Amino acid sequence: MKKAFIFDLDGVIVDTAKYHFLAWQKIAEALNINFTHEHNELLKGVSRVRSLDIILELGNVQVSRADKDKMLIQKNEDYLSYLIDMDESEILPGVSKILKLLKDKNQGIALGSASKNARPILEKTGILSYFDAIVDGNDVTNAKPDPEVFLKAAQLLNIEPKNAIVFEDSVAGIQAANIAEMVSVGIGEETILQEADYVFKDFTFVDENFINRLISQ
Ligand code: B16
Ligand code: MG
């Protein structure tokens, strides 16, 4: 049976969190806000605008709408500068193998990400052609845990939500998949992704047997 396999981007296909961190840290420093790796965890899967609000809340700092807009532009320009040299070596272990496997099995493949920079990242890493549909931060109005991003992806593939499988590294993303009544597969720590139907540390632990089981169930 043809299923929809929907991949989150950051933390699932590539680790762009480290670049988001560097760019947000500069913004935080300029505001005298202490921004740590632990704080960065709070921003995973969260939109750019909401991420800035979280940082400002952490520092108990208030800024004007105009200054916020400037910071968002500055952060994104800085973030994009880290992506210039990005290539296929940044694809997380095991991901390319699973994409190839799904293509060979004629399954639907989609991206469901909060990032507005998803397309250039897929292009630079050389995997854009695997995706039959891309839904990213430019296409949705409601952030995860709202299921909008995944429902749109399944709809573009013309596949019912119950026949869709979501790979996600964030708690909000797992919740979005569950609300959409899709199969949720957590990529990361089991203790954090407790709400997922299945959890794997990374894609090297996802094998053909598991994929076959998802396709036939
Ligand atoms: P951008 P995902 C998310 O990607 C990141 O996890 C999150 O940290 C980031 O703020 C968000 O994309 C927006 O990214 O600034 O590039 O639009 O995990 O949903 O693929
Ligand atoms: Mg993610």
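Quick note: structure is the one above.
It should be emphasised that the depicted structure is a prediction, and the values quoted were computed from it without experimental measurement.

Q: Break down the nonpolar core for me, with residues and values.
A: The biggest cluster of nonpolar side chains holds 45 residues, and the ones touching the most others in it are Ile6 and Phe150. Elements with a minimum of two residues in this core: strand S1 (4-7), helix H5 (95-104), strand S2 (108-112), helix H6 (118-124), helix H7 (148-156), strand S4 (164-168), helix H8 (171-179) and strand S5 (183-187). Setting aside chain neighbours within four positions, we find Phe150 in contact with Ile6, Gly112, Ala164, Val166, Ala176, Ala177, Ala180 and Met182. Counting eight residues, the second-largest nonpolar core is a separate cluster that includes Ala28, Leu43, Ile55 and Met71.

Q: Break down the packing of helix H1 (residues 17-30) against helix H4 (residues 65-83) for me, with residues and values.
A: Direction vectors running N to C along H1 and H4 enclose 140°, while the axes themselves pass 9 Å from each other. In the crossing of H1 with H4, the sense of the turn from one axis to the other is right-handed. Together, Tyr19, His20, Leu22, Ala23, Trp24, Lys26 and Ile27 of H1 and Met71, Gln74, Lys75, Asp78, Tyr79, Tyr82 and Leu83 of H4 make up the contact between the two elements. Of the residues assigned to the contact of H1 with H4, the class counts are nine nonpolar, two polar and three charged.

Q: Describe the sheet that holds strand S6 (residues 198-200), with residues and values.
A: Taken together, six strands build an open sheet; the order of strands is S3-S2-S1-S4-S5-S6 and the sheet is parallel. Each edge of the open sheet carries a strand with a single partner, namely strand S3 (133-135) and S6. If you compare each strand with its neighbour and ignore which way they point, the axes differ by 20° on average.

Q: Describe in detail the packing of helix H3 (residues 48-59) against H4, supporting the description with residues and values.
A: It is at 11 Å that the axes of H3 and H4 come closest, and there the two elements cross at 110°. Taken together, the axis directions place H3 and H4 in an arrangement best described as roughly perpendicular. Where H3 crosses over H4, the two elements pack in a sense that is right-handed. Taking contact as the criterion, the partners of Arg48, Val49 and Leu52 in H3 are, on H4, Lys68, Met71, Leu72 and Asn76. Classifying every residue of the contact of H3 with H4 gives four nonpolar, one polar and two charged.

Thresholds, definitions, all that
- Counting starts from 1 at the beginning of each chain's written sequence and moves along it residue by residue.
- To read the labels, note that chains go from A and ligands from 1, taken in the order they are written.
- Given that this is a predicted model, residues contribute local features only at a pLDDT of at least 70 and side-chain atom pairs are listed and counted only at 80 or more, while totals for whole chains, interfaces and linings are drawn from all residues.
- Core membership is restricted to buried Ala, Val, Leu, Ile, Met, Phe, Trp, Tyr and Cys residues, and these are joined into a nonpolar core through C-beta atoms within 7 Å.
- Each residue is classed by its C-beta neighbour count within 10 Å, where at least 20 other C-beta atoms makes it buried, 12 or fewer makes it exposed, and intermediate counts make it partly exposed; the C-beta atoms are placed from backbone geometry.
- Only DSSP runs of H or I with at least four residues qualify as helices, and only runs of E with at least two residues qualify as strands; both kinds are numbered from the N terminus onward.
- Contact between two residues is assigned whenever their backbone-derived C-beta positions fall within 7 Å.
- Note on definitions: angles span 0 to 180 degrees between N-to-C directions of axes, and those axes are lines fitted to C-alpha atoms, for helices only across the stretch in contact.
- Crossings are assigned a handedness: left-handed for a near helix turned anticlockwise from the far helix by less than a right angle, right-handed for a clockwise turn.
- Amino acids outside the nonpolar list (Ala, Val, Leu, Ile, Met, Phe, Trp, Tyr, Cys, Pro) and the charged list (Asp, Glu, Lys, Arg) are all regarded as polar, and Gly is one of them.
- A strand pair is defined by DSSP finding two or more bridges across the two strands.
- The cut-offs work like this: below 35 degrees is roughly parallel, past 145 is roughly antiparallel, 65 to 115 is roughly perpendicular, and the gaps in between are oblique.

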